[in-house]
Amino acid sequence: MAEHKSSPFNPRQGGDANAIQVDYAEHLKYELARDRYTSTKNDRYIALARTIRDRLIDRWIETQQAHHDERVKRVYYLSLEFLMGRALGNNVINFKLQDAVQDALHDLGVDWEELREVEVDAGLGNGGLGRLAACFMDSLATMQIPAMGYGLRYNYGIFRQTVESGYQIEHPDDWLQNGNPWEIARREVQVPVHFEGRVEHWTENGRTLYRWVETKPVIGMAYDFPIVGYGGNTVNTLRLWSSHAAEDFDFDDFNRGDYVAAISSKTEAENLTKVLYPNDLHYLGKELRLKQQYLFVACSLWDIVRRFKHDKEDWSNFPDRVAIQMNDTHPSLAVPELMRILVDQERLDVDQAWDLTVRSLGYTNHTLMPEALEKWPVPMLEKLLPRHLQIIYDINYRFMQKVAISFPGDVGKLSRMSLIEESEPKQVRMANLCIVGSHSTNGVAHIHTELLKSRVVPDFADMYPERFNSKTNGITQRRWLLKANPPLAKLITDHIGDAWITDLDKLRDLEKYLDDTTFQDSFRSVKLQAKKTLIEHVRNDLDMGFMLNPDSIFDVQVKRLHEYKRQLMNAIHIVMLYNRLRRNPQLPWTPQTFLFGAKAAPGYEMAKLIIKLINNIANVVNNDSAIGDRLKVYFLPNYRVSLAEKIIPATDVSEQISTAGTEASGTGNMKFMLNGAITIGTLDGANIEIMEEVGQENMFIFGLNAEEAKDLSQNYDPVVMSQANPEIKDALDLIFGGHFSVGEGQIFEPIRKAILEWGDRYLIVADLASYSAAQSQLQKEYANQKLWNRKSILNTARSGKFSSDRTMNEYAKDIWNIKSHPLNILNKRSNTIVEARTR
């Protein structure tokens, strides 16, 4: 048996293959009552997961104890989404146990890759927001920054998607059906969370005091999930809250024979964390979502305050020990909740409480879409959270006085900046609340921050210019290269060493190989290998029933389905190509395969109709014998992190085609770039910074920029513009004439109206000709494989800026004022058992 380098865990457990085999067998036998002959794949996965978890628990405890003993400042990252994906492979890689695990399983006759596929994605997020949070947690642990993530432990994550007759069908994502071997239930950490009721007030020593009474409480219980940094030196914590009833059972109702009522409070309470993002098209869905947000905030702040108070420090030190980052507006109730705790419970003066609140909180904005800025109806807040509404009104009163002094006579500013929108019913503007109640508001790309300041909240930027800053998003190279693309990771390491794993800027060293024919061939071979891996996965594991052509251009658009991301433009252009190839069978052409992956929100009918259109186009194009293999279109259902890890390494062309001025940043563009895909995109979000790094000549930029898009939208006629371009007109005529919906009637009429009658809000027709020209250019350049390989290598080499390590370093330095705390405890292990509720 080969020996392996020791990893930083309890030496009793060992990092060699023999020790892993022993522990794996013991978990299989004593925890699951199975042996190698009777165990299922899931049994074997759980046994291995527990074996790996054993090896990180010592360091997990030591991390928390060291942070406590040294009284470090911690960052608390509040996010309603954490799209973690699978943990097994990531933890094995970060703990540097991959060789030992593979050897151990091989000797036992267990397939490591097969076992990794058993794990269900932890789909506790909807898209980029949740995946960003997961990358940030990985970077914080790797950089040894004291951090704790807070979110909700949804029983059902983002729905499981299937496609039937071209339509998206949503199914429950029961990710906890077989248990979660990574989490630890902290049953002693139970937080009472209150709703409804009324507010009492009285005067004591000349001060008005408040008490929230006659409430309906629920209980939030903590589940802890270890976040392992690369090298295993620091293990931070992701704490997720699950809701339970304060009383599971009403005995009086039961005795009266009303058995349903006897458990109604239990059912109602548990519904709070039952599902990620309930459909909020109706009142009850909106109310449930608001209650989710408050449960998450109340539990998290209770825990943060409890931890601070344990050390018996003066409240004036709170911002020196605590940095709370609100990931979008979902945690915005942290502003009034922290004020409620400090004023009502801790009896601090309002001015001191406000100072501590603002200095402790930071806010990350993720949108430029005005309709995406959260607002909550005042009557709903008044019913569910009456004390918080009072506090919000008080904050607004004080803030409006400051605005009036800063901008005398400007009634318009008072109206726009107010936390309360005077609509019917009145609404609380949560983004305004976040900006007023925090010391930092950051955008997630340079252009996003500038547009945020100039278009979305210019009045706030005028009043608080020092509060606004830009922090371009990033991704973790540990998951998106080291784990997702082992052949490319090995090729890179063989040529420049492995320092890039924790310092992605080192990839610049690859530039010396740009014109090295041998390296180019190896790089291309790795891409071909990734394509074949995806082909096998699609055909066998996904059981899709088709075979992708590895020699074709893999042109990929995978992301949440939204009109501004313009999957529709991609689909219309495919129809333009379809017409072009039918008319000219001799057209010089490299076969091109368009791959889509996207989930549409269950209540977003237009997005779901676009999925139907893509699938209908695919059905016609793929079965047209006149087209053959030259053009193929496939929609891969149930897009998720684990599927992304297969698709991204195989991609040649990365579609980042949102309307300029709509995408905050994007992170998929960075993952594709890291893996050598070449971007076709607009000057939007982080695409601009990618262009600055790699050079415009090494990607395919098209379309209007943000200012041009804004100007055009004031005087734009998509009908006239489409009629002026025969290819665009013919494609639209084919779609809306029923060619792709035979026997289904005019099902795409809402799309036609959106483009040709309702103004084409996202400027699809305006950008189509430029997009088509960029696609033609990439067809020509792909034919020159030496040139294409050079550009592909350069994209990987110049992706260093887009590591989430760089992003987290900027947050730590500029917003949180937190430093790395390396744990020098490899050889001095503590036997102290750390109480979970204290740490």
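We now turn to the structure provided with this report. (Residues numbered from 1 in each chain as written. Predicted model: local features only at pLDDT ≥ 70, side-chain atom pairs only at ≥ 80, totals over all residues. Heavy atoms only, no water.)

1. Quick notes on the overall build of the chain
Part 1 of the reasoning: A count of helices and strands for the chain gives 34 helices and 24 strands.
Part 2 of the reasoning: For 839 residues, the compact-globule estimate of 2.2 N^0.38 gives 28 Å, and the chain sits close to it at 28 Å.
Part 3 of the reasoning: Dimensions of the chain along its principal axes, counting C-alpha atoms only, are 90 × 75 × 65 Å.
Part 4 of the reasoning: Counted over contacts in the chain with a minimum sequence separation of 6, partners at least 24 positions apart contribute 77%.
Part 5 of the reasoning: With the model as given, the accessible surface of the chain reaches about 32400 Å², and the carbon-plus-sulfur share is 49%. (Helix = DSSP H or I, 4+ residues; strand = E, 2+ residues; numbered from the N terminus. Rg over C-alpha atoms; globule rule 2.2 N^0.38 Å. Contact = heavy atoms within 4.5 Å. Areas by Shrake-Rupley, 256 points an atom, 1.4 Å probe, with all protein chains shown as cover.)

2. With respect to the pattern of salt bridges
Part 1 of the reasoning: A full pass over the atoms with the stated rule returns 63 salt bridges.
Part 2 of the reasoning: Lys291 is the partner of Glu268 in a salt bridge, and the nearest nitrogen-oxygen pair spans 3.7 Å. Taken together, the residues span a long stretch of sequence, with Glu268 in helix α9 (residues 264-270) and Lys291 in helix α10 (residues 283-310) at a distance of 23 residues.
Part 3 of the reasoning: Here Glu268 falls in the partly exposed class, since its relative accessible area comes to 49%.
Part 4 of the reasoning: When the shortest N-O distance is used, the salt bridge between Asp303 and Arg307 registers 3.0 Å. Taken together, the residues Asp303 and Arg307, both in helix α10 and 4 residues apart, mark about one turn of the helix. The pair Asp303 / Arg307 is uniform in exposure class, with both members buried.
Part 5 of the reasoning: Among the charged side chains, a network of salt bridges with common partners joins Arg186, Asp224, Arg239, Asp303, Arg306 and Arg307. (Salt bridge = Lys/Arg side-chain N within 4 Å of Asp/Glu carboxyl O. Buried < 20%, exposed > 50% of the residue type's maximum accessible area, 1.4 Å probe, protein only.)

3. Some thoughts on unusual backbone geometry
Part 1 of the reasoning: Cis rather than trans, the peptide bond between Glu424 and Pro425 has omega equal to 0 degrees.
Part 2 of the reasoning: On the secondary structure map, Pro425 appears in the loop between β15 (420-421) and β16 (427-429).
Part 3 of the reasoning: Although it is not a glycine, Glu196 sits at a positive phi angle of roughly 60 degrees.
Part 4 of the reasoning: Relative to the assigned elements, Glu196 resides in the loop between β7 (184-195) and β8 (198-204).

4. Some words on the sheet that holds strand β19 (residues 553-558)
Part 1 of the reasoning: On the basis of which strands lie adjacent, the open sheet formed by 6 strands has the order β21-β20-β19-β22-β23-β24 and parallel pairing. This sheet does not close on itself; its edge strands, each paired only once, are β21 (631-635) and β24 (700-701). (Pairing = 2+ DSSP bridges.)

5. A closer look at the packing of aromatic side chains
Part 1 of the reasoning: Going through the model one piece at a time under the given rule, you end up with 19 aromatic pairs.
Part 2 of the reasoning: Both rings, one in Tyr782 and one in Trp788, keep their centres 5.0 Å apart while their planes meet at 75 degrees; by these two values the pair is edge-to-face.
Part 3 of the reasoning: When its relative accessible area of 5% is taken as the criterion, Tyr782 is described as buried.
Part 4 of the reasoning: A network of ring pairs unites the aromatic residues Tyr77, Phe136, Tyr811 and Trp816 as a single cluster.
Part 5 of the reasoning: For Arg387, the ring lying beneath its charged end belongs to Tyr210, and the centroid distance is 3.9 Å.
Part 6 of the reasoning: We note Lys531 situated over the ring of Phe554; from NZ or CZ to the ring centre the distance is 4.7 Å. (Phe/Tyr/Trp six-rings, centres within 6.5 Å; stacked < 30°, edge-to-face > 60°. Lys NZ or Arg CZ within 6 Å of the ring centre and 35° of its normal.)

6. A closer look at empty space enclosed by the protein
Think of a ball as big as a water molecule: rolled over the atoms, this probe shows where empty space is left.
Part 1 of the reasoning: Applying the stated rule across the entire model yields 5 cavities of 30 Å³ or more.
Part 2 of the reasoning: Lining the largest cavity are 17 residues; nearest its centre among them are Met84, Asn90, Asp138, Ile227 and Arg479.
Part 3 of the reasoning: For the lining of the largest cavity, the secondary structure elements donating two or more residues are β2 (82-85), α3 (88-94), α6 (128-142) and β10 (216-228).
Part 4 of the reasoning: Tallied by class, the residues present in the lining of the largest cavity amount to 8 nonpolar, 5 polar and 4 charged.
Part 5 of the reasoning: The computed volume of the second largest cavity comes to approximately 130 Å³. (1 Å grid on protein atoms, 1.4 Å probe; cavity = no way out; pocket = protein on both sides within 12 Å on 5 of 7 lines; lining within 4 Å. Points joined across faces, edges and corners; volume = space filled by probe spheres on them. Nonpolar A, V, L, I, M, F, W, Y, C, P; charged D, E, K, R; others polar.)

7. Section: the side chain of Thr796
Part 1 of the reasoning: Looking at the secondary structure, you find Thr796 in helix α33 (residues 785-797).
Part 2 of the reasoning: For Thr796, a relative accessible area of 0% puts it in the buried group.
Part 3 of the reasoning: Once residues within four sequence positions are removed from consideration, Thr796 is found in contact with Ile492, Leu507, Leu510, Phe523, Met673, Leu674, Asn675 and Gly676.

8. Let's talk about the environment of Asp224
Part 1 of the reasoning: Within the element layout of this structure, Asp224 appears in strand β10.
Part 2 of the reasoning: Classification of Asp224 by relative accessible area gives buried; the value is 3%.
Part 3 of the reasoning: Considering only alpha carbons, one finds Asp224 and Ala323, 99 residues apart in sequence, at a separation of 20 Å.
Part 4 of the reasoning: Within polar-contact distance, the side chain of Asp224 engages the side chain of Arg239 at 2.7 Å. (Polar contact = N/O pair within 3.5 Å; in protein donor to acceptor, adjacent residues only side chain to side chain.)

9. What about the side chain of Asp303?
Part 1 of the reasoning: Overall, Asp303 belongs to the buried group, its relative accessible area being 0%.
Part 2 of the reasoning: Among the polar contacts made by the side chain of Asp303, one reaches the side chain of Arg239 at a distance of 2.9 Å.

10. Some thoughts on the packing of helix α1 (residues 17-31) against helix α2 (residues 41-69)
Part 1 of the reasoning: The interhelical angle for the contact between α1 and α2, taken along N-to-C directions, is 125 degrees, at an axis separation of 8 Å. Accordingly, the angle class assigned to the pair α1 and α2 is oblique. Taken as a pair, α1 and α2 cross one another with a handedness that is right-handed. Packed against α1, whose contacting residues are Ala19, Ile20, Asp23, Tyr24, His27, Leu28 and Glu31, the element α2 presents Asp43, Arg44, Ile46, Ala47, Leu48, Arg50, Thr51, Asp54 and Arg55 at the interface.
Part 2 of the reasoning: Taken together, the residues of the contact of α1 with α2 sort by class into 7 nonpolar, 2 polar and 7 charged. (Axes fitted to C-alpha atoms, helices over the stretch in contact; angles between N-to-C directions. Parallel < 35°, antiparallel > 145°, perpendicular 65-115°, else oblique. Left-handed = near helix turned anticlockwise from the far one by under 90°.)

11. A closer look at the pairing of strand β22 (residues 653-656)
In regular strands, side chains alternate between the two faces of the sheet.
Part 1 of the reasoning: Residues Val653 and Glu655 of β22 are buried on one face, and the alternating residues Ser654 and Gln656, pointing to the opposite face, are buried as well.
Part 2 of the reasoning: Where β19 lies against β22, 2 bridges are found, and the strand directions are parallel. From the neighbouring strand, Asp555 faces β22, where its bridge partner is Val653.

12. A closer look at helix α31 (residues 749-757)
Part 1 of the reasoning: Within α31, burial applies to Ile751, Arg752, Ala754 and Ile755. Projected down its long axis, α31 shows its buried positions confined to an angular sector of 165 degrees, all on one face.
Part 2 of the reasoning: Looking at the buried positions of α31, the neighbouring elements they touch are α23 (567-583), α24 (605-622), α29 (718-723), α30 (726-736) and α32 (764-782). (Arc of directions from axis to C-beta.)

13. Observations concerning the sheet that holds strand β14 (residues 375-377)
Part 1 of the reasoning: The 3 strands are arranged β14-β16-β15 in an open sheet whose pairing can be described as antiparallel. Every other strand in the sheet has two partners, leaving β14 and β15 as the edge strands with one partner each.
Part 2 of the reasoning: Summarising the sheet, β14 and β16 pair through 3 bridges and their orientation is antiparallel. Among the inter-strand pairings, Lys375 is bridged to a residue of β16, identified as Arg429.

14. Quick notes on the environment of His68
Part 1 of the reasoning: Note on placement: His68 falls in helix α2.
Part 2 of the reasoning: For the pair His68 and Gly437, spaced 369 residues apart in sequence, the C-alpha to C-alpha distance is 28 Å.

15. As for helix α12 (residues 334-345)
Part 1 of the reasoning: For α12, built from 12 residues, the straight-helix expectation of 16 Å at 1.5 Å per residue is met to within 8% by its first-to-last C-alpha distance of 15 Å.
Part 2 of the reasoning: Counting buried positions along α12 gives 11 out of 12 residues, so the element sits mostly inside the fold.
Part 3 of the reasoning: Residues of α12 that are buried include every one of Ala334, Val335, Pro336, Glu337, Leu338, Met339, Arg340, Ile341, Leu342, Val343 and Asp344, and no others.
Part 4 of the reasoning: One or two positions beyond α12, positive phi appears at Arg347, with a value near 60 degrees. (Expected span 1.5 Å × (residues − 1).)

16. As for the packing of helix α21 (residues 486-496) against helix α22 (residues 517-541)
Packed helices, taken two at a time, are described by their axes: the angle between them and the distance between them.
Part 1 of the reasoning: Axis separation between α21 and α22 bottoms out at 9 Å; the angle between their running directions is 160 degrees. One element, α21, and the other, α22, form an angle in the roughly antiparallel class. With respect to the hand of their crossing, α21 and α22 are arranged in right-handed fashion. Seen from α21, the contacting residues are Pro487, Leu488, Leu491 and His495; seen from α22, they are Phe519, Ser522, Phe523, Val526 and Gln529.
Part 2 of the reasoning: Residue composition of the contact of α21 with α22, grouped by class: 6 nonpolar, 3 polar and no charged.

Read these as spatial facts, not as claims about activity.
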